[in-house]
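Understanding the architecture of this molecule
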Amino acid sequence: MMDNNPEECSVCFNNYDDTLLRPRTLPCGHTFCSQCIDNAIKNGQLNCPSCRAQHTATAATQFPINYGMEAFIRKLKSMEVVRVTTVPTKPNKAPTRGISKKLRSLVEEQKSSISSLITSCEEVLSQLGEYQGQLGDWQTQHLQLQDRLYALVEQNKSAMKLLELEDTSVVDMTTQGEEGKTQLQAMLGSLDTVNTAQEVFMTINEVDQCNMEVEDWLQKCQELFPDVNTVHTSVKVQETIREALEMTTTETGATADPVHLGDSDSSIMTKVQEITGEIPQKEITVEDLRRMSEPVKRLVEAGRVVAVKSLVEAGRVVAVKSLVEAGRVVAVQEDQDGRRSARITLQDGQLYLHPLLRQPTPAHAHTIQESDVVGVLDPSCTLAFLDLGWAGSTRGRVTIRLTPDTPLARQFVLLCTGQRGHTFRNTKLLRVGDKGRPGERVKGGDYERNDGQGGAPLLPDLQGQYRESGQAGTVGSGWGLPGGPKSAQFVIATRNRQAGDQWPNVFGDVVSGLDVVRAAVNHSDITEVTVVDCGVVLPL
């Protein structure tokens, strides 16, 4: 049957509106106003008034708003307004006599101004309608999450009930065991006091009976405990709830500072996207990362956004910064073996690119091509970093300035970023040379075997113009002449060499974190020291 009045709810025959009578679509495809849906819900169930299909629901807000219907109604209203306003009336057929051209021009200006304001009103009303729809969607999502939270609570209650029953069983069996133990102790005493054959036989019979009862008790304990279902349910429910709580704590941040957007000329939904960080995935660029440089960040934090092209761009800087801090911006590289991704992190106002790894891309992550990010590195001043750790924790970061445009330096960058599939990450430090004496140094970098017997070069030709140095902090080749079978290995000097002695094939210097390397050298076993992470500093 055709619906000749689609703007009306087919139950109450009232026109849909933007408040209590918003049109909502059921899973079966039929649309009714929010008020009629609420009235039709009984005991968590809703029967569609049109097709009688059953739906589970506790409130109308669980069903999506029919935005297409709302847009259709708005169009009908606008057509009605146009139809009414375009009907000519007699006074408009000719200009009013007695009004000068100047006054008539003033009237026209006022009409133009009013028309412009009407257009602005319509635009903002449309934005408000879209925003209200978004708010409704969020309310629905909150209700759905609330239902899931209730389900978790019920699971937790069920697990606790199982634990209570198990605890009761344990208490009962413990009582039986204590009684059996007491009886055995009494039987032991009785055997010490028997004087006649009759007493011996009687006591032995009692002992046999007691032994059987205790052995039966032992067998029951083995069979009953632990109850697999109880233990499994308890552990799984705890894990699920703990993960949910940790995710909530990490994502929401109870003390997070509010985002200040200023007097932005952007649309309402654009500002909503700035607040939530919902920037389309393909819109994250190297330029967005550049804008996070320290001067721009200080201007944004101080509210002095005049140095930025527009307030929208300032809001975008804040949004991108929030995404990076949340770990939701990653560099990716795709090849014949699939996709690899690298974290981009922000620490003390500096951006760091971590190595490419075969790992799942974080949920809701925004990606940028690894080649675009690496392309901003300045060959004349590249900073690489190694995070060293031992005894189960990261002890500090070592930052190294690489010598301009040398093959060994380029190879070091490749192994810090993982662009060729190999990386220093999770490699051990191999040995300490001249420990406690001038020229003390530590060797590492065997990405192949991690025992000092590997570390093949990644570049075909490592020959070049290298400098010499005898200073602590020097980073050089760990395997003789460049190009040998272990040319990826490196050494870091922790003490100056004696006067006149120099290390050859130097391609970098430690600019911070030399104390971390020295602490590693003094560790009881250098092979327990690991490069837990590595990467390069992004000069943005």
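First things first, this report covers the structure right here in the doc. Each chain has its residues counted from 1, running along the sequence as written. Residue-level local features of this predicted model are given only where pLDDT is at least 70; pairs of side-chain atoms are given and counted only at 80 or more, and the full residue set underlies all totals for whole chains, interfaces and linings. Only hydrogens and water are set aside when side-chain values are computed; all heavy atoms of the structure are taken into account.

1. Let's talk about the overall build of the protein
In terms of regular secondary structure, the protein is built from twelve helices and 17 strands. For the protein, with 540 residues in total, the buried portion stands at 36%. It only takes one pair of heavy atoms within 4.5 Å for two residues to be counted as in contact. Within the protein, contacts between residues separated by at least 24 positions form 64% of all contacts whose residues are at least 6 apart in sequence. Here the accessible surface of atoms and residues is derived via Shrake-Rupley with a 1.4 Å probe, and residues count as covered only by protein chains that are part of the display. Total accessible area on the protein stands at roughly 32,800 Å², and carbon and sulfur atoms take up 53% of it. Each helix corresponds to a stretch of at least 4 residues labelled H or I by DSSP, and each strand to a stretch of at least 2 residues labelled E; elements are numbered beginning at the N terminus. Summary of the burial criterion: residues with accessible area below 20% of their type's maximum are buried, those above 50% are exposed, and those between are partly exposed, where the area comes from a 1.4 Å probe applied to protein chains only.

2. Quick look at the packing of aromatic side chains
Two aromatic rings from Phe, Tyr or Trp, using only the six-membered ring of Trp, form a pair when their centres are within 6.5 Å; if the ring planes differ by under 30 degrees the pair is stacked, by over 60 it is edge-to-face, and anything between is tilted. On inspection of all chains with the given rule, the structure shows five aromatic pairs. On the basis of an interplanar angle of 85° and a centroid distance of 5.4 Å, the ring pair of Tyr-352 and Phe-385 is categorised as edge-to-face. Of this pair, Tyr-352 sits in strand E7 (residues 350-353) while Phe-385 sits in strand E9 (residues 383-390), and the two are 33 residues apart along the sequence. With a relative accessible area of 0%, Phe-385 lands in the buried category. Judged by centre distance (5.2 Å) and plane angle (75°), the ring pair of Phe-424 and Phe-490 falls under edge-to-face. On the criterion of sequence distance, the pair formed by Phe-424 in the loop between helix H11 (407-417) and strand E11 (427-433) and Phe-490 in strand E15 (residues 490-493) is long-range, its members being 66 residues apart. The buried category is assigned to Phe-424, whose relative accessible area is 1%. What links up through ring pairs into an aromatic cluster is the set Phe-412, Phe-424, Phe-490 and Phe-507. Put simply, a charge is over a ring when the Lys NZ or the Arg CZ is close to the ring centre, within 6 Å, and near the line of the ring normal, within 35 degrees. Note that Arg-397 overlies the ring of Tyr-352, its terminal NZ or CZ placed 4.5 Å from the centroid. Lying over the aromatic face of Phe-385, Arg-397 brings its terminal NZ or CZ to 4.1 Å of the ring centre.

3. So, the pairing of strand E14 (residues 474-477)
Paired strands, as defined in this entry, are two strands with at least two bridges between them according to DSSP. Looking at chain direction, E14 and strand E16 (residues 503-512) are connected through three bridges and run antiparallel. Each bridged residue has a counterpart across the sheet, and for Thr-474 the counterpart in E16 is Asp-509. Bridge count between E14 and E15: three bridges; the pairing is antiparallel. Note on E15: the bridge partner recorded for Ser-477 is Phe-490.

Geometric values such as these leave the question of function open.
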